[in-house]
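Chain residues, written in single-letter form:
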Amino acid sequence: MGGWAIAVHGGAGVDPNLPAHRQEEAKKLLTHCLEIGISALRSNLPAIDIVELVVRELETDPLFNSGRGSALTAKGTVEMEASIMDGTKRRCGAVSGVTTVKNPISLARLVMEKSPHSYLAFSGAEEFAREQGVETVENEYFITEENVGMLKLAKEANSILFDYRIPNPIESCSAGAAATDSPLQMNGLPISLYAPETVGCVVVDSEGRCAAATSTGGLVNKMTGRIGDSPIIGAGTYACDLCGVSCTGEGEAIIRGTLAREVAAVMEYKGLNLQQAVDFVIKEKLDQGFAGLIAVSKNGEVTCGFNTNGMFRGCATENGFMDVGIWN
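Residues numbered from 1 in each chain as written. Predicted model: local features only at pLDDT ≥ 70, side-chain atom pairs only at ≥ 80, totals over all residues. Heavy atoms only, no water.

Now for the overall build of the protein. Tallying secondary structure elements over the protein gives 8 helices and 17 strands in all. In the protein, which comprises 328 residues, the proportion classed as buried is 59%. Across the protein, every contact between residues at least 6 apart in sequence was considered, and the portion connecting residues at least 24 apart equals 70%. In the structure as shown, the protein presents an accessible area of about 12800 Å², 50% of it carried by carbon and sulfur atoms. (Helix = DSSP H or I, 4+ residues; strand = E, 2+ residues; numbered from the N terminus. Buried < 20%, exposed > 50% of the residue type's maximum accessible area, 1.4 Å probe, protein only. Contact = heavy atoms within 4.5 Å. Areas by Shrake-Rupley, 256 points an atom, 1.4 Å probe, with all protein chains shown as cover.)

Next up on the list: the packing of aromatic side chains. The relative placement of two aromatic rings is captured by the distance of their centres and the angle of their planes. On inspection of all chains with the given rule, the structure shows 2 aromatic pairs. With 5.3 Å between their ring centres and 55° between their planes, F64 and F312 make a pair best called tilted. Pair noted here: F64 is in the loop between α2 (47-60) and β2 (80-86) and F312 is in strand β16 (residues 311-317), with a separation of 248 residues, a long-range link. Like F64, the residue F312 is buried in the burial classification. Judged by centre distance (5.1 Å) and plane angle (80°), the rings of Y141 and F142 are edge-to-face. A relative accessible area of 24% places Y141 in the partly exposed class. A relative accessible area of 0% means that F142 is categorised as buried. Of note, R68 hangs over the ring of Y141, and the distance from its end group to the ring centre comes to 5.8 Å. (Phe/Tyr/Trp six-rings, centres within 6.5 Å; stacked < 30°, edge-to-face > 60°. Lys NZ or Arg CZ within 6 Å of the ring centre and 35° of its normal.)

Across 4 bridges, β16 lies against strand β17 (residues 322-325) in antiparallel orientation. Bridge pairing in β17 places A316 opposite M322. Where β16 folds back onto β17 in an antiparallel hairpin, the turn is made up of 4 residues, including G320, whose phi is positive at roughly 105°. (Pairing = 2+ DSSP bridges.)

Next up on the list: the environment of C240. One can find C240 in the loop between β12 (237-239) and β13 (243-249). Its relative accessible area of 4% is what places C240 among the buried residues. When the C-alpha atoms of C240 and R209 are compared, they prove to be 8.4 Å apart, with 31 residues separating the residues in sequence. Every residue in contact with C240, bar those within four places of it in the chain, is listed here: G87, R90, C210 and A264.

Judged by nonpolar contacts, the single largest core of 56 residues is most densely connected at I6 and F64. When residues in this core are grouped by element, the largest group, 8 residues, is from helix α1 (residues 20-42). Those residues in contact with F64, other than ones at most four positions away along the chain, are G10, A26, L29, L30, L58, G69, E197, V199 and F312. Counting residues in each nonpolar core, the second largest holds 40 residues, with C92, C243, V245 and I282 among its members. (Core = buried A, V, L, I, M, F, W, Y, C linked by side-chain atoms within 4.5 Å.)

Right, let's talk about the pattern of salt bridges for a bit. Counted according to the given criterion, the structure contains 13 salt bridges. E252 serves as the salt-bridge partner of R226, at 3.0 Å between the closest nitrogen and oxygen. Linking R226 in the loop between β11 (210-216) and β12 with E252 in helix α6 (residues 251-257), this pair joins segments that are 26 residues apart in sequence. Neither residue differs from the other here; R226 and E252 are each classed as buried. (Salt bridge = Lys/Arg side-chain N within 4 Å of Asp/Glu carboxyl O.)

What follows deals with the pairing of strand β3 (residues 91-98). Counting buried residues along β3, 7 of its 8 residues qualify, which places the element largely inside the surrounding structure. Connecting β2 to the next strand, β3, in antiparallel fashion are 4 residues, including R90 with a positive phi near 55°. Pairing geometry for β3 and strand β4 (residues 119-121), over 3 bridges, is parallel. Note on β4: the bridge partner recorded for A94 is Y119.

Next up on the list: the confidence of the model for the protein. Interpreting fine coordinate detail is not advised for predicted regions of low pLDDT. For the protein, mean pLDDT is 89; residues scoring 70 or higher make up 88% of the total. Mean pLDDT across the secondary structure elements of the protein bottoms out at strand β6 (residues 167-172), with 39, and peaks at β12, with 99. Of the regions scoring below 50 in pLDDT, residues 162-172 engages in 75 contacts with residues more than four places distant in sequence or in other chains. (pLDDT = per-residue confidence, 0-100.)

Moving on, we get to helix α3 (residues 104-114). In terms of residue burial, α3 counts as a mostly covered element, since 9 of its 11 residues are buried. Against the buried residues of α3 lie α2, β2, β3, β4, α4 (122-132) and β11.

Right, let's get into the packing of α2 against α3. Look at α2 against α3: their axes get within 8 Å of each other, and the N-to-C directions meet at 150°. Regarding the angle of α2 to α3, the classification is roughly antiparallel. For the pair formed by α2 and α3, the contact residues are I48, D49, E52, V55, R56 and E59 on the first element and P104, I105, S106, R109 and M112 on the second. A class-by-class count of the residues in the contact of α2 with α3 yields 5 nonpolar, 1 polar and 5 charged. (Axes fitted to C-alpha atoms, helices over the stretch in contact; angles between N-to-C directions. Parallel < 35°, antiparallel > 145°, perpendicular 65-115°, else oblique. Nonpolar A, V, L, I, M, F, W, Y, C, P; charged D, E, K, R; others polar.)

Following the sequence through the fold, T73 ends up in the loop between α2 and β2. Accessibility expressed as a relative area gives 0% for T73, which makes it buried. When sequence neighbours within four positions are dropped, the list of residues in contact with T73 reads E79, L151, N221, K222 and T224.

Below you can see the structure in the form of structure tokens.
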């Protein structure tokens, strides 16, 4: 084992005109979350506890699209989703259509640990939350003035809003690429506007245990009841004895490519290391979709990959390495 490692993300794809102060706010929050995770790792908390702890922090801050600050549906409400997975025994829990639970990631963990199921949605998830006594709030708590404005823009444009994903050729954390003029599409339909997106965390602890967690409000102006990749085990989130992966981006493409599971699969069946696996999956398994991911391995490796113009992300390792970035 190569020691512990942690990575966090706040969404793949970044507005190229994002003001400098917003970039600094994002970096500050990512750094803060890394520091929380590092402290927990140094205290020997297990990986599953740490991914939940970090994602709760991201859900509580309105900067990114999860928990408070989630994207609004076409009806102007918030429907959140989240998933968590413990790689040691491949235990998992997920929720969708959550409207009152303050921290959906913790409800997902309760599904994993306190129910006979892996996935609960909408009224069933809300009922389970009440039974478990988790903290709930009115739906208005999650709505921010900024996201009300984004929904207005989406309705005026008659469009679904993604994150700020201006597409580029494949990029990784260590390599850049030139821009392309190709229009974005989702399931063959053109889209034109963007909004902030998903958060996630992956951890391998000092015992080599991997875990992953992902949480989101989804797309701005999405149809009520739409479910993306974030709560789907194997698509937006996956962890096993080899690695932990959290994805972000075009949910429909991530689902089709079973992106998170593919990283583990090519490590297992092709014998690729973590970086090779991430590069392969981003290049070969997204078809014409745009996305990114963060990943850790049981050996203490940590990396990310994306084929968008940028991704909000940060990572750290036991040997003192720490990096927070947005662009290439």
